[in-house]
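For reference, the chains in residue letters:
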Amino acid sequence: MTFRTLIVTAVAAEADSVARGLPFHGPGSGEVPLPGGFALRRHVAVPEPDPTAVSGEAPARPRSGALADVLVGGVGPAAVAAATATALAVAAAPYDLVVSAGIAGGFPSLAPLGSVVVADSLVAADLGAQTPDGFLDVEALGFGRSTHHAPAALTRRVSAALAEGGQRHTVGPVLTVSTVTGTAARAAELTRRHPGAAAEAMEGFGVAEAATAYGVPVVELRAVSNAVGPRDRAAWRIGEALDALRNAFQLLSHSVLVEPAP
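Rules used in this analysis
Residues numbered from 1 in each chain as written. Predicted model: local features only at pLDDT ≥ 70, side-chain atom pairs only at ≥ 80, totals over all residues. Heavy atoms only, no water. Helix = DSSP H or I, 4+ residues; strand = E, 2+ residues; numbered from the N terminus. Rg over C-alpha atoms; globule rule 2.2 N^0.38 Å. Buried < 20%, exposed > 50% of the residue type's maximum accessible area, 1.4 Å probe, protein only. Pairing = 2+ DSSP bridges. Phe/Tyr/Trp six-rings, centres within 6.5 Å; stacked < 30°, edge-to-face > 60°. Lys NZ or Arg CZ within 6 Å of the ring centre and 35° of its normal.

Even after reading the chapter, I still don't get the overall build of the chain, so can you show me in this structure?
Summing up its helical and strand segments, the chain has seven helices and 12 strands in all. Against the 2.2 N^0.38 benchmark of 18 Å for 262 residues, the chain shows a C-alpha radius of gyration of 19 Å, consistent with a compact globule. Dimensions of the chain, computed from C-alpha atoms along their principal axes, come out at roughly 75 × 35 × 30 Å. Each of the 262 residues in the chain was classed as buried or not, and the buried ones make up 48%.

Here it is in structure tokens:
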């Protein structure tokens, strides 16, 4: 049995960092074209012998193999939903897990620069309507949903793997927005509407919409490159965040990405 994961990023730099963290280079690795001009970067881990096998006994049953496909899906929830759905629709075999991954803005009290956020919920924070009395999400409007919840057991496994490897991280909601925050007033509004939100990005909810439509568990993993608030490019730490993203996937490649939940 091969455990199959689809990892979706917005841009190539994020995909490069994810790929550097994956020690999967077995036969079958390489680029796989998809309809619509998309392409998967396939990483295959070959099954390994059981390390508990006793010398001289019958050959041990090998551990399961693993396959991780990395997809650059584009910026924003609509583009990435289309890309994710394409990959899921044409897959030769169903995926076991979908991960939305990349860098993000962090709410400073919960997610400092260089840390990682594991989403327990993926929230479309600006999907709704402005009214004289404030913002109404699509649930209040009766038009659908604005939140996907990652499976609790999955977020616990991801958090445990990061903690074991010494990676600074927090677990909390990650907000998906189509326009990133650039003012203190907008940051305060989001904090008020979404208490406990740890990070802000642009793709997680779109990935989750596609994964949920195909019945595949989804989680979002973000490395923090900047603080949510006034736009200050001089304070961004993109290189540090990309390195944290690489490290996070290196840690997950030994557990969450290679075997089903117990």
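I'm lost on the pairing of strand S2 (residues 30–33) in this one. Help?
Along any regular strand the residues' side chains alternate between the sheet's two faces. Note that S2 and strand S3 (residues 39–45) share four bridges and pair antiparallel. Bridged to Pro33 within S3 is Ala39. Taking the residues that link successive antiparallel strands as the turn, the S2-S3 hairpin has five residues, and the phi of Gly36 there is positive, at about 85°.

Help me understand the packing of aromatic side chains, please; the structure alone is not making it clear to me.
How two aromatic rings sit relative to each other is given by the distance of their centres and the angle of their planes. For the structure shown, the criterion picks out zero aromatic pairs. A cation over an aromatic ring shows up here: Arg4 above the ring of Tyr95, its NZ or CZ 5.5 Å from the ring centre. One cation-aromatic arrangement involves Arg193 over Phe135; the distance from NZ or CZ to the ring centre is 3.8 Å.

Scope: geometric values only; no functional claims are made or implied.
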